[in-house]
Amino acid sequence: MEYRHLGRTGIRVSELSLGSWVTFHTQADVKAAVEIMAAAYDSGVNFFDNAEAYANGRSEEVMGAALKELKWRRGSYLVSTKIYWGLHEGVNEKNTLNRKRLIEGINGSLERLQLDYVDLLFCHRPDKTTPIEETVWAMHNIIEWGKAMYWGTSEWSAAEIVEAIAVAERHHLHKPVMEQPVYNLLRRHRFSGEYVRFYKEYGYGSTTWSPLASGILSGKYLKGIPQGSRASLEGFEWVKENATDTSTLSKVQALDSLARELGCSLSQLSLAWCLKNPFVSTVITGASRVEQVHENMKAGEVAPKLTPEILERIDKILGIKPEEDDD
Ligand code: NDP
């Protein structure tokens, strides 16, 4: 496992990490979570991603219980959570980054995770109604109180992040230092387009999500919807829709053939492709089973096989023209 600096911070994250969205609580109980996390940790993963909204707080509870059982040295791993959607319907309790919500949010997350602090704390989405200054101050305070080590953004526009950094600099507050954007072979344009200039200039870190497009880029949906897979779950009809889209499937089929030619699985090729981007600090993987972790954690060995010629072939399969990416 390689470790990369999280942007210009002093902290280093394993280039492949593990998140708990959809899986923990819904597909994996505490026992399964212990096995999945242990397999990742044993492969060198040092970063575990979560959010208060995942399974309405229960994903944090499962991870907290798993960490308690695993008894790892606290210094040996990083945990994150994210706040925005909230757990309740109250007017000040959902879809907001107001000061009250952020502070109540972190307190709730720490309780569910059974931790004294999280390492990374994200604003899960931008809030168009709360002044950015209020959010920056609250995140600064949370760090000053020792409840989080670093804070960042998820799916904020480059302009919003630049504004948050400017507010922090104006008042000498802790700045946001990392973003959590979607990035995979099928959804790449924001990260390799809009964000590029910003990442170069500000040295922002990134913890990228859904590297397999919810499993579609593993090739598992080429022959239908396997029972128990994400596309078969209630509430994930949109995954099913994407997983059965014929144009997507024909691209996935061609990528699968290329992976075979390279002697790896399509999941490994898809993850390795994300790793090739130097602006990626860590690729957050997801796994509902231990075997998936074992397979996915070998992606680092596949990355050197993705030569410029292979990357060009991938772009051709996806119908991407060279000028469409800035980097
Ligand atoms: P992926 O796109 O990699 O999808 C993971 C899912 O794909 C697994 O749960 C599993 O689903 C399937 N899968 C994984 N590996 C394999 C394999 N080798 N073979 C076959 N199937 C496989 O990642 P996620 O969408 O789960 O996102 C990763 C993490 O990113 C999340 O856990 C979360 O921490 C973060 N995230 C952040 C977001 C944000 O807004 N900030 C949004 C979304 C995610 P199954 O077995 O059920 O089919």
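Scroll up to find the structure.
Engineer: Looking at this structure, how should I read the overall build of the protein chain?
Structural biologist: Scanning the protein chain for helices and strands turns up 12 helices and 10 strands. Computed over the C-alpha atoms, the radius of gyration of the protein chain is 19 Å, within 12% of the 20 Å expected from 2.2 N^0.38 for a compact globule of 327 residues. Its C-alpha atoms put the protein chain at 55 × 45 × 35 Å along the principal axes. Considering only contacts in the protein chain between residues 6 or more positions apart, those separated by 24 or more positions represent 78%. With an accessible surface of roughly 14500 Å², the protein chain has 49% of that area assigned to carbon and sulfur atoms. When the 38 basic and 44 acidic side-chain charges of the protein chain are each reduced to a single mean position, those positions are 2 Å apart.

Engineer: Is there a simple way to explain the pairing of strand E7 (residues 148–153) in this structure?
Structural biologist: For a regular strand, side chains alternate in direction, first toward one face of the sheet and then toward the other. In this sheet, E7 lies alongside strand E6 (residues 118–123) in parallel orientation, the contact comprising 5 bridges. Residue pairing in the sheet places Phe 122 in a bridge with Gly 152 of E7. A crossover connection joins E6 to the parallel E7 through helix H4 (residues 132–144); in handedness this β-α-β unit is right-handed. Relative to strand E8 (residues 176–179), E7 runs parallel, the two being bridged by 3 bridges. Counterpart to Thr 153 in the pairing with E8 is Glu 179. In the classification by handedness, the crossover that spans E7, the intervening helix H5 (residues 158–171) and the parallel E8 is right-handed.

Engineer: What am I meant to see in the side chain of Gln 292 here?
Structural biologist: If you trace the backbone, Gln 292 turns up in helix H10 (residues 290–296). For Gln 292, a relative accessible area of 17% corresponds to the buried category. Not counting residues within four places of it along the chain, the set of residues in contact with Gln 292 comprises Lys 220, Gly 286 and Ala 287.

Engineer: Explanation requested: the pattern of salt bridges in the structure shown.
Structural biologist: Think of it this way: side chains of opposite charge can pair up when their charged atoms draw near. Taken as a whole and assessed by the stated rule, the structure comprises 16 salt bridges. The salt bridge partner of Asp 119 is Arg 74, with a shortest N-O separation of 2.8 Å. Of the two residues, Asp 119 is situated in strand E6 and Arg 74 in the loop between helix H2 (58–70) and strand E5 (78–83); the sequence distance between them amounts to 45 residues. When its relative accessible area of 6% is taken as the criterion, Asp 119 is described as buried. By relative accessible area, which is 19% here, Arg 74 ends up buried. It is possible to trace a salt-bridge network through shared partners that takes in Glu 155, Arg 190 and Glu 194.

Engineer: Mind showing me how you'd approach the site of the ligand here?
Structural biologist: Around the ligand sit 34 residues, and of these Gln 27, Asp 49, Ser 210, Lys 220 and Ser 288 come closest. Separating an oxygen atom of the ligand from a backbone N or O atom of Gly 19 is a distance of 3.4 Å. In the model, an oxygen atom of the ligand is placed 2.9 Å from a nitrogen or oxygen of the Gln 292 side chain. Protein chains bury 96% of the 910 Å² of accessible surface belonging to the ligand in isolation. Put simply, the parts of the chain that give the shell around the ligand at least two residues each are strand E10 (282–285) and H10. A per-element tally of the shell around the ligand places H10 first, with 3 residues. Taken together, the residues of the shell around the ligand break down into 9 nonpolar, 19 polar and 6 charged.

Engineer: Explain the sheet that holds strand E9 (residues 205–208) to me, please; I cannot follow it from the model alone.
Structural biologist: By way of backbone hydrogen bonds, the strands of a sheet pair with one another, either parallel or antiparallel. Taken in spatial order, the 8 strands line up as E3-E4-E5-E6-E7-E8-E9-E10 and close into a barrel, and their pairing is parallel. For this sheet the average axis-to-axis angle between neighbouring strands, irrespective of direction, equals 30°.

Engineer: So what exactly am I meant to see when it comes to the environment of Trp 137 here?
Structural biologist: For Trp 137, the position within the fold is in helix H4. Residue Trp 137 is classed as partly exposed on the basis of its relative accessible area of 34%. Separated by 27 residues in the primary sequence, Trp 137 and Ala 164 place their C-alpha atoms 9.9 Å from one another. Non-local contacts of Trp 137, meaning those with residues more than four positions away in its chain, are made with Arg 99, His 171 and Leu 173.

Engineer: I tried to follow helix H9 (residues 266–275) on my own but got confused; where do I start?
Structural biologist: With 10 of its 10 residues buried, H9 lies for the most part within the structure. Three or more residues of H9 are buried, namely Leu 266, Ser 267, Gln 268, Leu 269, Ser 270, Leu 271, Ala 272, Trp 273, Cys 274 and Leu 275.

Engineer: What is the right way to look at unusual backbone geometry in this model?
Structural biologist: Most peptide bonds take the trans configuration, and most residues that are not glycine carry a negative phi. Positive phi values are uncommon outside glycine, yet Ser 210 reaches one of about 50°. Tracing the chain through its elements places Ser 210 in the loop between E9 and helix H7 (237–243). Note on Ser 210: relative accessible area 15%, which makes it buried.

Engineer: Whenever I open this one, the packing of helix H1 (residues 30–42) against H2 confuses me. Can you help?
Structural biologist: Each packed pair of helices is defined by two parameters, the angle between the axes and the distance between the axes. Relative orientation of the contacting elements H1 and H2 amounts to 65°, with a least axis distance of 9 Å. Considering the relative orientation of H1 and H2, their crossing is right-handed. Here H1 contributes Val 30, Ala 33, Val 34, Met 37 and Ala 38 to the contact with H2, which in turn contributes Val 62, Met 63, Ala 65, Ala 66, Leu 67, Glu 69 and Leu 70. Among the residues making up the contact of H1 with H2, the classes are represented as 11 nonpolar, no polar and 1 charged.

Calculation rules
- Residues numbered from 1 in each chain as written.
- Predicted model: local features only at pLDDT ≥ 70, side-chain atom pairs only at ≥ 80, totals over all residues.
- Heavy atoms only, no water.
- Helix = DSSP H or I, 4+ residues; strand = E, 2+ residues; numbered from the N terminus.
- Rg over C-alpha atoms; globule rule 2.2 N^0.38 Å.
- Contact = heavy atoms within 4.5 Å.
- Areas by Shrake-Rupley, 256 points an atom, 1.4 Å probe, with all protein chains shown as cover.
- Lys, Arg positive; Asp, Glu negative; His and termini not counted.
- Charge placed at Lys NZ, Arg CZ, Asp CG, Glu CD.
- Pairing = 2+ DSSP bridges.
- Right-handed = clockwise from strand over helix to strand, strands pointing away.
- Buried < 20%, exposed > 50% of the residue type's maximum accessible area, 1.4 Å probe, protein only.
- Salt bridge = Lys/Arg side-chain N within 4 Å of Asp/Glu carboxyl O.
- Near = heavy atom within 4 Å.
- Polar contact = N/O pair within 3.5 Å; in protein donor to acceptor, adjacent residues only side chain to side chain.
- Nonpolar A, V, L, I, M, F, W, Y, C, P; charged D, E, K, R; others polar.
- Axes fitted to C-alpha atoms, helices over the stretch in contact; angles between N-to-C directions.
- Left-handed = near helix turned anticlockwise from the far one by under 90°.

Fair warning: the whole summary comes from geometry, so function is off the table for now.
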